[in-house]
Amino acid sequence: MRAPEVLLGIETSCDETAAAVVAGGVDVRSSVVSSQVDLHARFGGVVPEIASRAHVELLGPVVAEALVESGRSGNDIDAVAATVGPGLVGSLLVGLAAAKALALVWGVPFVGVNHLEAHLYAAFLDEPALEPPMVALLVSGGHTLLVAVDDHGRYRVLGSTVDDAAGEAFDKVARFLGLGYPGGPAIDRTALTGDPTAIDFPRAMLDQGYDFSFSGLKTAVVTYVRRHPEVATEDVAASFQQAVVDVLVAKTRKAARDTGFDRVCLGGGVAANSLLRERFLDACATDGLQCHLPSRAMCTDNAAMVAAAGWWRLRSDGPTDLGAGAEPNLRLPVS
Ligand code: KG4
Ligand code: ZN
């Protein structure tokens, strides 16, 4: 039997319902993302029960649209990949059940995908020639990980957050500043007209290895604004963003120096941040590193990255048993 080439990917780990058709692990034939942002915005964050119910309603049409956009039918799909974790258990189960049912009906393999690994594989979608080894910085709403990618599927976690994830810090600070949800894009926009040097917020654990800490920064923002109610929100947003980006960039540079790897890549929703992207490119140019930034659409949750990671996993491990369940606390597999 020939190796599966064309995969349908399904992503429902949080508040985006997404499906995509990807050929050969890198060639995106369609990528459809239906965001539930409007459903959760008035609650200031994702409400798990609302998210799972919305996935149930949206997934059928989203998969149908992904197939139509790719110009393929179920008969042309060689395997179905879906996120098994980490994420919200109810949301994960909706995508998993649908993916397994489609794989059974079409008589093709099912492959379960780790969401963190999928964020990492987003870099390959924009640059198919990319090859490990490399240093990867994964920054999302739930995770902040600095990873040495020794080879496909072979990871060493160099550092992670000891408290809040980077995206979580963006979301919490935006909420405090009244900028709405999701916070990352709101701070990104607001910071454009602010002065990043206006307030000298702490750069936590800057010289202490590879781990990160963002909860003290969030508290520093709250304390500062309470003491200086007249401060411009734009300056707070820009100074906060600068503090987060300084730490993320400094630790990634250090990881590249210490591992000796000459390639770095970014992944996860926070990798869509304008300042982080700009500073990353500058740092790589200065240090002589190759920098791989997925497009903004491939940084935030999508199913093309799930299909890409699934393609590699099918080749290395074969299909996933249909009895596999959701794994809300799944970690990046380490070698
Ligand atoms: O990867 P993702 O879409 O979902 C998770 O796996 O968590 O990441 C979502 C996170 C949210 O915290 C959101 O505020 C943040 O990514 N984010 C951003 C930007 N766009 C999304 N943070 C900073 N700047 C952005 N432009
Ligand atoms: Zn994600």
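Cut-offs applied
- Residues numbered from 1 in each chain as written.
- Chains lettered and ligands numbered in written order.
- Predicted model: local features only at pLDDT ≥ 70, side-chain atom pairs only at ≥ 80, totals over all residues.
- Heavy atoms only, no water.
- 1 Å grid on protein atoms, 1.4 Å probe; cavity = no way out; pocket = protein on both sides within 12 Å on 5 of 7 lines; lining within 4 Å.
- Points joined across faces, edges and corners; volume = space filled by probe spheres on them.
- Helix = DSSP H or I, 4+ residues; strand = E, 2+ residues; numbered from the N terminus.
- Nonpolar A, V, L, I, M, F, W, Y, C, P; charged D, E, K, R; others polar.
- Donors = N, O, S within 2.8 Å, 3.2 Å for Na, K, Ca; no water.
- Buried < 20%, exposed > 50% of the residue type's maximum accessible area, 1.4 Å probe, protein only.
- Pairing = 2+ DSSP bridges.
- Axes fitted to C-alpha atoms, helices over the stretch in contact; angles between N-to-C directions.
- Contact = heavy atoms within 4.5 Å.
- Domains from an automatic or database assignment.
- Buried area = accessible area lost by both parts, 1.4 Å probe.
- Salt bridge = Lys/Arg side-chain N within 4 Å of Asp/Glu carboxyl O.
- Polar contact = N/O pair within 3.5 Å; in protein donor to acceptor, adjacent residues only side chain to side chain.
- Core = buried A, V, L, I, M, F, W, Y, C linked by side-chain atoms within 4.5 Å.
- Disulfide = S-S within 2.5 Å.

**Observations concerning the layout of surface pockets**
The gaps left among the atoms become clear once a water-sized probe is rolled over them.
Thinking step 1. Estimated volume of the largest pocket: approximately 1,500 Å³.
Thinking step 2. If you trace the largest pocket, you find 48 residues lining it, with Cys14, Ser140, Gly141, Gly142 and Asp171 closest to the centre.
Thinking step 3. For the lining of the largest pocket, the secondary-structure elements that each account for two or more residues are helix H4 (115-126), strand E8 (154-160), helix H5 (166-176) and helix H6 (183-191).
Thinking step 4. In terms of residue count, H5 provides more of the lining of the largest pocket than any other element does, 6 residues in total.
Thinking step 5. Here the lining of the largest pocket is built from residues that sort into 20 nonpolar, 19 polar and 9 charged.

**Quick word on the coordination of the zinc ion (ligand 2)**
Ideal geometry at a metal centre gives angles of 109.5 degrees when four donors are arranged tetrahedrally and 90 or 180 degrees when six donors are arranged octahedrally.
Thinking step 1. Donor atoms from the polypeptide that bind the zinc ion (ligand 2) are His115 (NE2), His119 (NE2) and Asp301 (OD), placed at 2.0 to 2.1 Å.
Thinking step 2. Look at where the donors of the zinc ion (ligand 2) fall in the sequence and you get H-x3-H-x181-D. Of this pair, His115 and His119 both sit in helix H4, 4 residues apart, which is roughly one turn of the helix. For the pair shown, His115 and His119 are each scored as buried.

**Remarks on the sheet that holds strand E1 (residues 6-11)**
Thinking step 1. One open sheet holds the 5 strands; their spatial order is E3-E2-E1-E4-E5, and the pairing between them is mixed. Either end of the sheet is taken by a strand with one partner, and the two such strands are strand E3 (27-35) and strand E5 (110-114). On average, adjacent strands in this sheet sit at an angle of 20° to one another, irrespective of strand direction.
Thinking step 2. The pairing of strand E4 (residues 79-85) with E5 spans 5 bridges and is classified as parallel. Bridged to Ala81 within E5 is Val111.
Thinking step 3. Of the strands in this sheet, E1, E4 and E5 are in contact with helix H3 (residues 89-106), which crosses E4 at around 160°.

**Quick word on the domain arrangement of the protein chain**
Thinking step 1. We note that the domain assignment places domain 1 (6-121 + 299-317) and domain 2 (129-297) within the protein chain.
Thinking step 2. For domain 1 and domain 2, the distance between their C-alpha centres works out to 26 Å.
Thinking step 3. Summed over both partners, the interface of domain 1 with domain 2 comes to about 1,600 Å²; 65% of that surface belongs to carbon and sulfur atoms.
Thinking step 4. Contact with domain 2 buries surface across domain 1, with Leu116, Leu120 and Cys299 losing the most and accounting together for 42% of the total.
Thinking step 5. Here domain 1 is connected to domain 2 by 0 salt bridges.
Thinking step 6. On inspection of domain 1 and its partner domain 2, the count reaches 9 residue pairs in polar contact (both at pLDDT 80 or more).
Thinking step 7. Every element with two or more residues in the side of domain 1 that touches domain 2 is listed here: helix H1 (37-41), H4 and helix H11 (304-317).

**Things to note about the environment of Ala256**
Thinking step 1. Within the secondary structure layout, Ala256 lies in helix H8 (residues 233-259).
Thinking step 2. The class for Ala256 is buried, based on a relative accessible area of 5%.
Thinking step 3. The spacing of Ala256 and Ala148 is 108 residues in sequence and 8.7 Å in space, taken between C-alpha atoms.
Thinking step 4. Ala256 has contacts with Val135, Phe261, Val264 and Leu289, leaving out every residue within four places of it along the chain.

**Concerning the environment of Leu314**
Thinking step 1. Looking at the element boundaries, Leu314 is found in helix H11.
Thinking step 2. A sequence separation of 240 residues divides Leu314 from Gly74, and the C-alpha atoms of the two residues are 19 Å apart.
Thinking step 3. Sequence-distant contacts of Leu314, that is, excluding residues within four places in its chain, are made with Pro4, Leu7, Ala79, Pro109, Val111 and Pro319.

**Overview of the nonpolar core**
Thinking step 1. Formed by 50 residues in total, the largest nonpolar core has its most connected members in Phe201, Phe240, Leu276 and Phe280.
Thinking step 2. Listed by contribution, the elements that provide at least two residues to this core are strand E6 (134-139), strand E7 (144-151), H5, H6, helix H7 (215-227), H8, strand E9 (263-267) and helix H9 (274-287).
Thinking step 3. For this core, the element with the most residues is H8, which contributes 12 residues.
Thinking step 4. Sequence-distant contacts of Phe201, defined by excluding residues within four places in its chain, comprise Leu217, Ala220, Val221, Tyr224, Val236, Ser239, Phe240 and Ala243.
Thinking step 5. Val113, Tyr121, Ala136 and Ala308 belong to the second-largest nonpolar core, a separate cluster that totals 36 residues.

**A few points about the state of the cysteines**
Thinking step 1. The tally for this structure, following the rule as stated, stands at 0 disulfides.
Thinking step 2. The structure places no disulfide on Cys265, whose sulfur is separated from the nearest cysteine sulfur, that of Cys291, by 8.8 Å.
Thinking step 3. Looking at Cys265, the relative accessible area reads 1%, which means it is buried.
Thinking step 4. Here Cys284 is not cross-linked by a disulfide; its sulfur's nearest cysteine counterpart is in Cys291, at 3.6 Å.
Thinking step 5. For Cys284, a relative accessible area of 4% corresponds to the buried category.

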